[in-house]
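Chain and residue survey
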Amino acid sequence: MLAVLAVSVGPFLWQLSTSLKSTTEDIYTYPPGFLPEHPTLDNYQGVADIVPVWDYALNSLKVAAANVVTNLVGASMAGYALARLRFRGRKAAGLAFVAALLVPLESVVIAQFTMMRDLQLNNTLTAVVLPGAVGALNVLLMRNAFVNLPYEVEEAAVIDGANVWQRFTRIALPSVRGTLAAVAIFAFMGAWDDFLWPLIVLSDPDRFTLTVGLNFLHGTFQQNPRLVAAGTVIAVAPLLVMFACLQRYFFRGVGEGAVKG
């Protein structure tokens, strides 16, 4: 476990250390020095001087927040329908979501771009959000969470006269808070880290997301690794904050809420 932790966390810690090193320190020395001799935040200011990093971060935050909301609403409703409702074509719909997981983004990106162009949404943040508004994986996660809920809990609500929406909002959703937290984290990470699709659909620099905007830190003939490291830390920090806020629900799991319900 320690070896896996070193491989997973080590690169981020190294980037953090590099982002705090001043220009007087040799980052290519051997053996490499992990701790900066004279820590400085000038590299973060340098990133802001080269690219409007905070504007890009705001654009990414808008996209990620919209992606979280649409996935929580859409995936939970679709998952509940697949798990609890009886309708013609339910099995085919479930297979369609599974098949969607097997389709790589690169194979449909041209069709997505053409669709956004026909809708006159190219070069807008809306076009960045729409393809990932409801992820197939998130729908299947919510479907499995609702399937594992004891149906007797909902039967009691049916006897009390609760309709489908009341059972969904008052019984089912509060019982799967762990899965909702997982969906929120996956949706936020997917939208925040996405690079290829925003790069294709956006052309106005004022609408660039953070991942696309930070690409300007890589020069054609030269680059400053300290600035690249600082930009990487800026991009990763919101993910760490969100996971820290939701990790209590993330690790709680699905079953605990069902018992409480």
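These notes cover the structure that comes with them. Starting from 1, residues in each chain are numbered consecutively following that chain's sequence as written. Totals for whole chains, interfaces and linings use all residues, but because this is a predicted model, local features are given only for residues with pLDDT of at least 70 and pairs of side-chain atoms are given and counted only at 80 or more. Each side-chain value is derived from all of the structure's non-hydrogen atoms; neither hydrogens nor water enter the calculation.

Looking at the overall build of the protein
Put simply, the rule reads: By definition, any uninterrupted DSSP run of H or I lasting at least four residues is a helix, any uninterrupted run of E lasting at least two residues is a strand, and each is numbered from the N terminus. The rule is simple: take the accessible area with a 1.4 Å probe, protein chains only, and divide by the maximum for that residue type; under 20% is buried, over 50% is exposed, in between is partly exposed. Any two residues whose heavy atoms approach within 4.5 Å are treated as being in contact. Each accessible area is a Shrake-Rupley estimate made with a 1.4 Å probe; only the visible protein chains count as cover when residues are assessed. Only four residue types enter the charge count, namely Lys and Arg as positive and Asp and Glu as negative; His and the chain termini do not. To locate a charge, take NZ of a lysine, CZ of an arginine, CG of an aspartate or CD of a glutamate.
What the protein contains, in helices and strands, is 14 helices and 0 strands. Starting at the N terminus and walking to the C terminus, you meet the elements of the protein as α-α-α-α-α-α-α-α-α-α-α-α-α-α. In terms of overall dimensions, the protein has C-alpha extents of about 75 × 50 × 30 Å along its principal axes. In the protein, which comprises 261 residues, the share counted as buried stands at 37%. Pairs at least 24 apart in sequence give 75% of the contacts found in the protein among residues at least 6 apart. Of the roughly 15,100 Å² that the protein leaves accessible, carbon and sulfur atoms contribute 65%. Each charge class in the protein was averaged separately, 17 positive and 17 negative side chains, and the resulting centres sit 16 Å apart.

Some words on helix H9 (residues 164–175)
Keep this limit in mind: Multiplying 1.5 Å by the helix residue count minus one yields the expected span of that helix. What the arc covers is the set of directions going from the helix axis to the C-beta atoms. Two N or O atoms form a polar contact when they lie within 3.5 Å of each other; inside protein one atom must be a possible hydrogen donor and the other a possible acceptor, and for residues adjacent in sequence the pair counts only when both atoms belong to side chains.
The end-to-end C-alpha distance of H9, which contains 12 residues, comes to 15 Å, matching closely the 16 Å that a straight helix rising 1.5 Å per residue would cover. Here H9 has its buried residues at Arg 167, Phe 168, Ala 172 and Ser 175. Along the axis of H9, the buried positions cluster into a sector of 95 degrees, meaning they face one direction only. Residues of H9 that are exposed and point over 90 degrees away from its buried face: Trp 165 and Arg 170. Between a side-chain oxygen at the N-terminus of H9 and the backbone nitrogen of Trp 165 the separation is 3.2 Å; the capping residue is Asn 163.

Side note on the pattern of salt bridges
Pairing is possible between side chains that carry opposite charge, provided their charged atoms lie close to one another. The following threshold applies: Just to be clear on terms, a salt bridge is a Lys or Arg side-chain nitrogen sitting within 4 Å of an Asp or Glu carboxyl oxygen.
For the structure shown, the criterion picks out 2 salt bridges. The partner of Arg 117 in a salt bridge is Asp 118, and the shortest N-O contact between them spans 4.0 Å. Of the charged contacts, one joins Asp 204 and Arg 207 as a salt bridge, the two residues approaching to 3.1 Å between their closest N and O atoms. We classify Asp 204 as partly exposed; its relative accessible area is 22%. On the accessibility criterion, Arg 207 (34% relative accessible area) is partly exposed.

Considerations on the packing of aromatic side chains
This is how it is decided: By convention, a stacked pair of Phe, Tyr or Trp rings (six-membered ring in the case of Trp) has centres within 6.5 Å and planes under 30 degrees apart, an edge-to-face pair has planes over 60 apart, and any other such pair is tilted. The rule is short: NZ of Lys or CZ of Arg within 6 Å of the ring centre and within 35 degrees of the ring normal puts a charge over the ring.
In the structure shown here, the tally under the stated rule is 6 aromatic pairs. Seen from their ring centres, Trp 165 and Phe 168 are 6.2 Å apart, and the 75 degrees between their planes marks the pair as edge-to-face. In this pair, Trp 165 and Phe 168 are both assigned in helix H9, 3 residues apart and thus about one turn of the helix distant. Here Phe 188 and Trp 192 contribute two aromatic rings whose centre-to-centre distance is 5.6 Å and whose plane-to-plane angle is 10 degrees, an arrangement assigned as stacked. Within this pair, Phe 188 and its partner Trp 192 are both found in helix H10 (residues 177–193), separated by 4 residues, close to a single helical turn. Each member of the pair Phe 188 and Trp 192 is classed as buried. Members of the aromatic cluster, each reached through a chain of ring pairs, are Tyr 80, Phe 146, Trp 165 and Phe 168. Of note, Lys 21 hangs over the ring of Trp 14, and the distance from its end group to the ring centre comes to 4.9 Å.

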